[in-house]
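# What the coordinates show
The chain contents come next:
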Amino acid sequence: MARRDTPEINAGSMADIAFLLLIFFLVTTTMDTDIGISRKLPEKQDPNVVPPILKEKNVFEVNVNRNDEILVESDTYMQVKDLREAAMKFIDNGGGTTAELQGAGLTACTWCEGDKDPSSSDHPKKAVISLQSDRGTSYAMYVAVQNELVGAYTDLRNKYAKKKFGRSFEDLTGIQQEEISKNIYPQIISEAEPTK
Amino acid sequence: MAKFGKKKKGMPAVNTAALPDIVFMLLFFFMVTTVMRETELKIQNPKLPSADQVKKLEKKSLVSYIYVGKSKDNTPGDKIQLNDRISNVGDIKSFIYAERAQHSEQEIPLLTTSIKADSKSSVGTITDIKLQLRDVNALKINYSTTKGSAVDNIK
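Residues numbered from 1 in each chain as written. Chains lettered and ligands numbered in written order. Predicted model: local features only at pLDDT ≥ 70, side-chain atom pairs only at ≥ 80, totals over all residues.

### Describing the overall build of chain A
So the rule is basically this: Numbering of helices and strands runs from the N terminus, with a helix taken as a DSSP run of H or I at least four residues long and a strand as a DSSP run of E at least two residues long. This radius of gyration counts C-alpha atoms alone. The globule rule is 2.2 Å times how many residues there are, raised to the power 0.38. Contacts here follow a simple rule: the backbone-placed C-beta atoms of the two residues must lie within 7 Å.
When its secondary structure is counted, chain A shows five helices and six strands. Starting at the N terminus and ending at the C terminus, chain A contains elements arranged as α-β-β-β-β-α-α-β-α-α-β. Taken over C-alpha atoms, the radius of gyration comes to 27 Å for chain A, far larger than the 16 Å a tight globule of 196 residues would show. Projected onto its principal axes, the C-alpha coordinates of chain A cover approximately 100 × 45 × 35 Å. Nonlocal contacts in chain A, meaning residues at least 24 apart in sequence, comprise 61% of its contacts between residues at least 6 apart.

Okay, here's the thing in structure tokens:
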């Protein structure tokens, strides 16, 4: 066997080259975590279409003024932290009887755990949360309110999923999730145009 | 001296041959995870509000970004940045059309607009943006936030 005379190529500076590249990518990298609250805007309405008339008791009105104060149902001042609970109570009320709901093709809410208060919402499918803000409201407050309202629905869906399937909403299959978000607790948050 | 010399010979240098491998591994990790910032911010880096009911934006290529915040020289009022320049609200429509032109017909309903707005900006500006988006039927939006408790926003 002939011995090779040529020595091995010195790979010592390979590390330097790799380090150089590494540092370049370290500096340019931005760990952009793109997360946020997803919402769907309403489609543009024909101006001639008359909006459906909702019963006062089926609407949960949330007003945020330019001083970032929250007024609920036009009579209660509320802190953001209490908003979720109030919204849940409203959605989950289920006060309508079968006879009352027949016209809308619904049956009484059997899964609701609310107070069944006749002066609050009839059915989760009928309960509408109406959010009205002012142009001067801060975006932070607006996002906080949106977050709490979405959170109310998330909590209710989770509670239902736990009770029925023994798992949290996120761990359910797509069909089960759709069933809940379509027929059990549909998310109905309507945004009114902000006051000037 | 001789003794010392002998002792040194008996201790070989630490083998650094595997060092490039380690560095390359790190390098590949960063190369894969890196996202080159496409647009340079012309406004102050918006301080996003925090929220906990958040969803991840899945496909980056289907997302277009609208930045809202203060201008760098601190002039009052919210500025809107589209692509890499400060724009008016009226430019949003053409911005969306330009974004759509880059995608195929099937992808258009999946396009999401991410609003990266500073927590101090006003709802009025956001509403103006939303009205424009609604006019061009770009209905999927995402209020970009950081993860955290929403109650922390108000202080």
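### Some thoughts on the sheet that holds strand 5 (residues 85–87) of chain B
For the record, the criterion: Two strands pair if DSSP finds at least two bridges between them.
Taken in spatial order, the seven strands of this open sheet run 2(B)-1(A)-7(B)-6(B)-3(B)-4(B)-5(B), and their pairing is mixed. Taken across any chain shown, the strands that pair with only one partner, and hence form the sheet edges, are strand 2 (55–56) and strand 5 of chain B. Summarising the sheet, strand 6 (residues 112–117) of chain B and strand 7 (residues 140–144) of chain B pair through three bridges and their orientation is parallel. Among the inter-strand pairings, I115 of chain B is bridged to a residue of strand 7 of chain B, identified as Y143 of chain B.

### Side note on the interface of chain A and chain B
Keep this limit in mind: Polarity classes work like this: nonpolar for Ala, Val, Leu, Ile, Met, Phe, Trp, Tyr, Cys and Pro, charged for Asp, Glu, Lys and Arg, and polar for all others, with Gly in that last group.
Each side of the interface is counted separately: chain A has 44 residues, and chain B has 49 residues. Examining the composition of the side of chain A that touches chain B, we find that eleven residues originate from one element, helix 4 (residues 139–165) of chain A, more than from any other. Class assignment of the residues belonging to the side of chain A that touches chain B gives a composition of 21 nonpolar, twelve polar and eleven charged. Two elements, strand 1 (residues 35–40) of chain A and strand 2 of chain B, share two bridges in a ladder whose sense is antiparallel. Bridging from a neighbouring strand, G36 of chain A pairs with K55 of chain B of strand 2 of chain B.

### A word on the sheet that holds strand 6 (residues 189–191) of chain A
Residues and elements named next belong to chain A. Note the following rule: Orientation is described by axes fitted as lines to C-alpha atoms, over the contacting stretch for helices, and by angles from 0 to 180 degrees between their N-to-C directions.
With mixed pairing, the five strands of this open sheet are ordered in space as 4-3-2-5-6. If you trace the sheet from one side to the other, it starts and ends with strand 4 (76–78) and strand 6, each paired once. Within this sheet the neighbouring strands show an average axis-to-axis angle of 25°, counted without direction.

### Thoughts on the pairing of strand 1 of chain A
Along any regular strand, the residues point their side chains to alternate faces of the sheet. Where strand 1 of chain A and strand 7 of chain B come together, five bridges link them in antiparallel fashion. Each residue of the ladder has a partner; that of I37 of chain A, found in strand 7 of chain B, is Y143 of chain B.

### Some points on helix 3 (residues 92–101) of chain B
Residues and elements named next belong to chain B. The cut-off we apply is this: We call a residue exposed when 12 or fewer other C-beta atoms sit within 10 Å of its C-beta, buried when the count reaches 20 or more, and partly exposed for counts in between; the C-beta positions come from the backbone. Arc, as used here, means the arc of the directions from the helix axis to the C-beta atoms.
Within helix 3, burial applies to I92, F95 and I96. Mapping the buried residues of helix 3 onto a view down its axis gives an arc of 95°, with all of them on the same face. Facing away from the buried side of helix 3 by over 90 degrees, the exposed positions are S94, Y97 and A101. Summarising the contacts, the buried residues of helix 3 are in contact with strand 4 (79–82) and helix 4 (123–135).

### Some words on the domain arrangement of chain B
For clarity, the cut-off: Domain delimitation in this document rests on an assignment produced automatically or drawn from a domain database.
Domain assignment breaks chain B into domain 1 (2–33) and domain 2 (50–153). Placing the centre of domain 1 of chain B and that of domain 2 of chain B at their C-alpha centroids yields a distance of 49 Å.

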